[in-house]
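An overview of the molecular structure
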Amino acid sequence: MSRAPLPLRDDQRLIFALDVPDRVQALEWVDRLGDSVGFYKIGMELLASGEYFQVLEELARRDKRVFVDLKFFDIPATAAAVIKRLSQWPVSYCTIHGWHPAMMEACAAVAGGDMRLLAVTVLTSMGREDLAQMGIDREPVDVVVERALAAKAAGIDGVIASGQEAAPIRAATGSGFSIVCPGIRPGGPVGDDQKRTVGVADAFSDGADAIVVGRPIRLAADPAAAARAIQREIAEALRG
């Protein structure tokens, strides 16, 4: 059975994608953003540095929440063993792929601590034509909702999915199931590799609990100011 959603302050609903190659650059970003960001996603690029858990521990030491985005996918026993060990670290969110009910059930059974598991539904860089090439001739929204329901049935705490699907996921799963939306573009689409994007207010009005933002902050002339602007937009959306 899914656990209650992660308790989040309003300023923790913005998750910055810390997509950097090493510990030095990661901590430079944390210093640069200061109190404008309280939640960080650390993924595959940093893992390859060999300094992943050093960054994780330092984020926790600075009272930042940590989202481990490594999208685990393996046979149930192997995936569950990873999740069990990871539960011993100060992790708030962790992603696994949402394609295999038995694997999801095994992971949900051993997840501990404050960590909430999020099932990856369909990557935000994928559209219908990408799914068709994988043998799935359906609209992304239909696949996403199906996988969200399967994740909930398996005891997973929530999903990570495009904001375009937040409303149908919320309608299908009800309250108490976490929805975290990456691919957020505050100023609208910018022609990068993300295909299914939405703005900040739309994501929250459609039921998102938190959003993941990377390039719109990282590439801004003043990243901390960009993060604070998004925080203000989140606050307004939540009040609305």
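Residues numbered from 1 in each chain as written. Predicted model: local features only at pLDDT ≥ 70, side-chain atom pairs only at ≥ 80, totals over all residues. Heavy atoms only, no water.

If you look the protein up in an unreviewed UniProt entry, it shows as Orotidine 5'-phosphate decarboxylase from Stenotrophomonas chelatiphaga. Under the heading Pathway (unreviewed entry), UniProt records this for the protein: "Pyrimidine metabolism; UMP biosynthesis via de novo pathway; UMP from orotate: step 2/2." Check the Sequence similarities (unreviewed entry) section of the UniProt entry for the protein; it says "Belongs to the OMP decarboxylase family. Type 1 subfamily." (UniProt positions renumbered as here; feature names shortened; annotations may be inferred.)

**What to know about the sheet that holds strand E7 (residues 178-181)**
Reading around the circumference, E1-E2-E3-E4-E5-E6-E7-E8 is the order of the eight strands in this closed barrel, with parallel pairing throughout. For this sheet the average axis-to-axis angle between neighbouring strands, irrespective of direction, equals 25°. Pairing geometry for strand E6 (residues 158-160) and E7, over three bridges, is parallel. Bridged to Val159 within E7 is Ile179. Of the strands in this sheet, strand E2 (39-42) and strand E3 (65-72) touch helix H3 (residues 52-61), which is tilted by about 150° from E3. Across the sheet, helix H5 (residues 101-110) touches E3, strand E4 (93-97) and strand E5 (116-120), and the angle it forms with E4 is around 155°. (Pairing = 2+ DSSP bridges. Helix = DSSP H or I, 4+ residues; strand = E, 2+ residues; numbered from the N terminus. Axes fitted to C-alpha atoms, helices over the stretch in contact; angles between N-to-C directions. Contact = heavy atoms within 4.5 Å.)

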